[in-house]
Structures are given as structure tokens and as C-alpha cells.
Amino acid sequence: MSRLALISRGVIKENPVFVLLLGMCPTLGTTTSAINGMGMGIATTFVLIMSNMAISSISGLIPNKVRIPSYIVVIAAFVTILQLLMQAYTPGLYETLGLFIPLIVVNCIVLGRAEAFASKSGVMDSAADGVGIGIGFTLSLTVLGAVRELLGSASIFGVKLINSDGMLVFILAPGAFIALGYLLVIFNKFKSRIS
Amino acid sequence: MEYIIIIISAVFVNNILLSQFLGVCPFLGVSNKVSTAAGMSGAVTFVMAVATLVTYMLQYFVLIPLKIEFMQTVTFIVVIASLVQMVEIIMKKISPSLYQALGIFLPLITTNCAVLGVAILVVSKEFTFGGDPHMLNMAQSVVFAVASALGFGLAMILFAGLREQLELANVPKSFKGTPIALITAGILALAFMGFAGLV
């Protein structure tokens, strides 16, 4: 498969949120606004690309029995680098996303790609796969964040659209579940219309 | 009194699943039946209590004295992963019947973000149980972890009961499976919001 096809596969056909339903915790927890969702998506993309590349280049050296713990340690190292970088350059975003930044370690998408793809493929292919899945994840989080922000505070990317408070429930926890549920319904409807 | 406030707050008001979104993957994954949901919750309660105790000690007796707090994420996840493995081995030897009931859920717990989430939460966030904001001490941390796990279990079992009923309902095609489950979870979260202001 060409690298371009690898990237586009992660965005549409194997979209991590809407198709594979992985990484639900950050998806629901950080999408209170479009910009927060996007920030979380980019942070995860960074870890995904770096860990995919590192794991594909060392996978021959790791004994099969201890591969999962080894992958987790590699991912945790990149998450720590990300934490230090974000504390230095984007302290505001780091504060807002809070607990969900260290929790990238246990994001099933990252470990899933390491196990299912990076451990069996070349370094550049793994990087392309990381870019594709990362873009798919970032797009999904931005869309969900935009929908919740639009309904919950009547603004998008922080720009007020109409002079109203919006429905607060969409910013709060229940709104996350309900908004994602209905987005999935629309996605399914769209998919069955095409096929 | 303080402990009662911690328990009520962690189980009902700030339920880790329905208001903090920790552990949503197993929540959607293994909540098709009440019995599996109960098994998973039992295993999570046990691991979360032990993991929080160990990581708490690690944070205050190793990481802070050595001034390497930035290693928190790496050390905590390694400790949790090995702890899960150890619990699995010990349980297999000591209580095969318990292992039979909970065993299959144990490997899944390493990547359950609720365990790592609670471990990080108790050492990094100030709580306002009974007076001024303060860091939790060791006993409070363990109580908080057990109560959070109970809250997780409560939400899991309630949700599994709802999903068993949903199986029988006539759901439109596009809503089948995860979408209707998510909307149901949203309504459950809405119900839990009623507990806000209890403590």
C-alpha cells in the first residue's frame, strides 16, 4: 500500500473514533470546545507518530513475551516528553487538558497501532500510519468539540455566533455522550447511503 | 465524617465514569451483561486500591525526595502493569475460584485509564473534603480509590442492566449498537447530575 493510501485509510476507512470506537476517554473528556479537541488531537498525534517510528525500528530487538510492557514504556517516555514540552510552550492548554495528557499512555489507539501495525512494518510506513490515524483522531475530536461548543455556548473556535448562552448541558458530561451518540448515527446513515 | 464525604462524593457526585470520563472503553466494551460488568468492577476495585496505595508511596517516598516528579507517568504505568501481572499470578495460586471469576478481566485493566487516572489524581489534585483545599493523605487516598471503583461498578452494573433491556427493544437501524448505548449513557449521566450539590 502506498504511503498516501496509508494516510487516507486512517482518516476515513479506519477512523479511530467513528469506525473503530477507540480512545473514548479523551474523545468525551476533552471536547468541551473545538480548540480543546484539536489540541488533544494534535498532542495524541505527536505521541502516535513518535512511538510508531520508535517501535517499528526496535521491534526486532524485543522478545515476543515482554513486547506489550516494552511498548507501554516507549509510549510513556514520549508522553513525558510531550508533557514537558507542553508545560514549557502551551501552559494554558496543558492546564485545560489536565489529566488527559498523561492518560495518552493508556489510550488504546496508540498501543493498538504499535501492536497491530508498527511492530510489523517499516519506519516510514509506520510514520505514515501514525500521521493518518492522528489526522483522523484530530478531525473527529475537532468536529465533536465544534458541535458541543456550538450547542453548548453558541460559539465556534471561541467566536460567538449568536448572542445567547446556549444549552449548558452539552458542555457538561451528559452532553458529551449524547452528542457523540448522534454524530455516530449521522455517520452510520451517511455510510449506509454510500454503500 | 471526612471519609463519608469522600465516599459519597466519589461514588455519586463526581462519578469517575459518568462525570470524569475515565474508563469509558470497558464501560462500552464489556457492559453487555450484568454478570460480566460485575466481574470487571470487582477486578477494577481490587487493582485500583492496591495500585493507588503503591503509587502514592512511590510519589511521596521516591519521586519527590529525589526531585524526579517528571518521571511520574513512566513509573506509574510500569508499576500498574507489573502489579496487574502479579495480582494475576497470586490470585491463580491462592484463590483459583476468584481467578476463574475475575481472571479474564485482569489483562484488560492495565489499559483501563481509570486506574492510572485515579493514581495520578490523588497525588496531583487538591480536594476540598471537610474544609480547606488539601492534598489527600495515604488513608484518604485509598478510601478515595475504593470509592471511585465502587462508583465505576455502580455505573457499569446500572448500564449493563439498561443494555440488556435495549437488546429487546426495537431500535432504528442507524441507532443500533454503540450510538444508542452512548445516548443511554448520556441520559444515565444526566440522572447522576441530580446528585450535584449533595456534598
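Since the model is a prediction, treat every value here as computed from it, not as a measurement.

(A) How the structure looks around the packing of helix H7 (residues 123-153) of chain A against helix H8 (residues 173-194) of chain A. All names here are of chain A. Their axes nearest at 10 Å, the elements H7 and H8 cross at an angle of 120°. Compared by their axis directions, H7 and H8 come out oblique. When the axes of H7 and H8 are compared, the crossing they make is right-handed. Of the residues in H8, those touching H7 at Leu144, Val147, Arg148 and Gly152 are Gly175, Ala176, Ala179, Leu180 and Leu183. Residue composition of the contact of H7 with H8, grouped by class: six nonpolar, two polar and one charged.

(B) Representation of the environment of Phe21(B) in the model. Here Phe21(B) is to be found in the loop between helix H1 (2-13) and helix H2 (24-29). Accessibility expressed as a C-beta count within 10 Å gives 27 for Phe21(B), which makes it buried. Between the C-alpha atoms of Phe21(B) and Ala160(B), which are 139 residues apart in sequence, the distance is 17 Å. Leaving out residues up to four positions away in the same chain, Phe21(B) has contacts with Cys25(A), Leu28(A) and Gly29(A).

(C) Up close: H8(A). Compared with an ideal rise of 1.5 Å per residue, which puts 22 residues at 32 Å, H8(A) spans 32 Å between its outermost C-alpha atoms and is within 8% of the ideal. Along H8(A), the residues that are buried comprise Ala173(A), Pro174(A), Gly175(A), Ala176(A), Phe177(A), Ile178(A), Ala179(A), Leu180(A), Gly181(A), Leu184(A) and Val185(A). Against helix H2 (24-29) and H7 of chain A together with helix H9 (178-192) of chain B lie the buried residues of H8(A).

Each value, and the rule that gives it
Residues numbered from 1 in each chain as written. Chains lettered and ligands numbered in written order. Predicted model: local features only at pLDDT ≥ 70, side-chain atom pairs only at ≥ 80, totals over all residues. Axes fitted to C-alpha atoms, helices over the stretch in contact; angles between N-to-C directions. Helix = DSSP H or I, 4+ residues; strand = E, 2+ residues; numbered from the N terminus. Parallel < 35°, antiparallel > 145°, perpendicular 65-115°, else oblique. Left-handed = near helix turned anticlockwise from the far one by under 90°. Contact = placed C-beta atoms within 7 Å. Nonpolar A, V, L, I, M, F, W, Y, C, P; charged D, E, K, R; others polar. Buried ≥ 20, exposed ≤ 12 C-beta atoms within 10 Å, placed from the backbone. Expected span 1.5 Å × (residues − 1).

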